[in-house]
Amino acid sequence: QKEVEQNSGPLSVPEGAIASLNCTYSDRGSQSFFWYRQYSGKSPELIMSIYSNGDKEDGRFTAQLNKASQYVSLLIRDSQPSDSATYLCAVNGRNTPLVFGKGTRLSVIA
Amino acid sequence: KAGVTQTPRYLIKTRGQQVTLSCSPISGHRSVSWYQQTPGQGLQFLFEYFSETQRNKGNFPGRFSGRQFSNSRSEMNVSTLELGDSALYLCASSPGLAGVLGETQYFGPGTRLLVL
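Only a predicted model underlies this, so the values are computations on that prediction, with no experimental measurement involved.

Okay, the environment of Val4 of chain B next. By secondary structure assignment, the location of Val4 of chain B is in the segment before β1 (5-7). Setting aside anything within four residues of it in sequence, one finds Val4 of chain B in contact with Cys23, Ser24, Pro25, Ile26, Cys91, Ser93, Tyr106, Phe107, Gly108 and Pro109 of chain B.

All names here are of chain B. On the surface, Ile12, Leu114 and Leu116 cluster together to form a nonpolar patch covering roughly 300 Å² of accessible area. As for its placement among the helices and strands, Ile12 is situated in strand β2 (residues 10-13). Ile12 gets classed as exposed once you look at its relative accessible area, which sits at 58%.

All names here are of chain A. By the definition in use, this model includes 11 aromatic pairs over all chains. Consider the rings of Phe34 and Tyr51, whose centres lie 6.2 Å apart with planes at 85°: the pair is edge-to-face. Here the residue Phe34 occupies a position in strand β4 (residues 30-38), and Tyr51 occupies one in the loop between β5 (45-50) and β6 (54-58), the gap between them amounting to 17 residues. For Phe34, a relative accessible area of 1% puts it in the buried group.

Conventions and cut-offs
Residues numbered from 1 in each chain as written. Chains lettered and ligands numbered in written order. Predicted model: local features only at pLDDT ≥ 70, side-chain atom pairs only at ≥ 80, totals over all residues. Heavy atoms only, no water. Helix = DSSP H or I, 4+ residues; strand = E, 2+ residues; numbered from the N terminus. Contact = heavy atoms within 4.5 Å. Patch = residues over 30% accessible without salt bridge, like charges linked within 9 Å, V, L, I, M, F, W, Y side chains within 5 Å. Areas by Shrake-Rupley, 256 points an atom, 1.4 Å probe, with all protein chains shown as cover. Salt bridge = Lys/Arg side-chain N within 4 Å of Asp/Glu carboxyl O. Buried < 20%, exposed > 50% of the residue type's maximum accessible area, 1.4 Å probe, protein only. Phe/Tyr/Trp six-rings, centres within 6.5 Å; stacked < 30°, edge-to-face > 60°.

Here it is as structure tokens:
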């Protein structure tokens, strides 16, 4: 059973701080890693994808992947109240469907 | 480019009925995947269709079925509805097979199904 684990939160950070969201996965054959943001009552929206070890930056977002430790994280710099949402980590392997974690709820306090 | 569209957006049914949900992928996308989202279980994969063929199937009973048409539009059907089928049903599309390196799925707004 392929699993993706996330801390459910809520993770509360003050406005302007760095939010750090973490995700671990069980399948060593996983090759694609995604972070989605989901606002309450809305559908998931892609934030970032990462495929190789290391960091990938896009604006205020940085995804970090460590395949040896089976760990992927998302850093949000200069957090804004509009970043308050549930963040979903998703992983898939070769020709296998996406497996989602249950999400971490982030609350950015103004 | 228009995003993924799903119809209807909201649906209320009673136990024992059946329901059909529709999904139109982003233009040019050939893969459509369906997910069920509930507060307790999170997002769970139902099935993926690519070029009118089911490529992957999740761990759901046979009451859940789907199909894809030649224009890549997809439908999913749930027969003999149960109370536990109440959920947000999400469709996602990608240009190619979802499990191929570099492929990214984009989600539609979902259909919220309530079974009474």
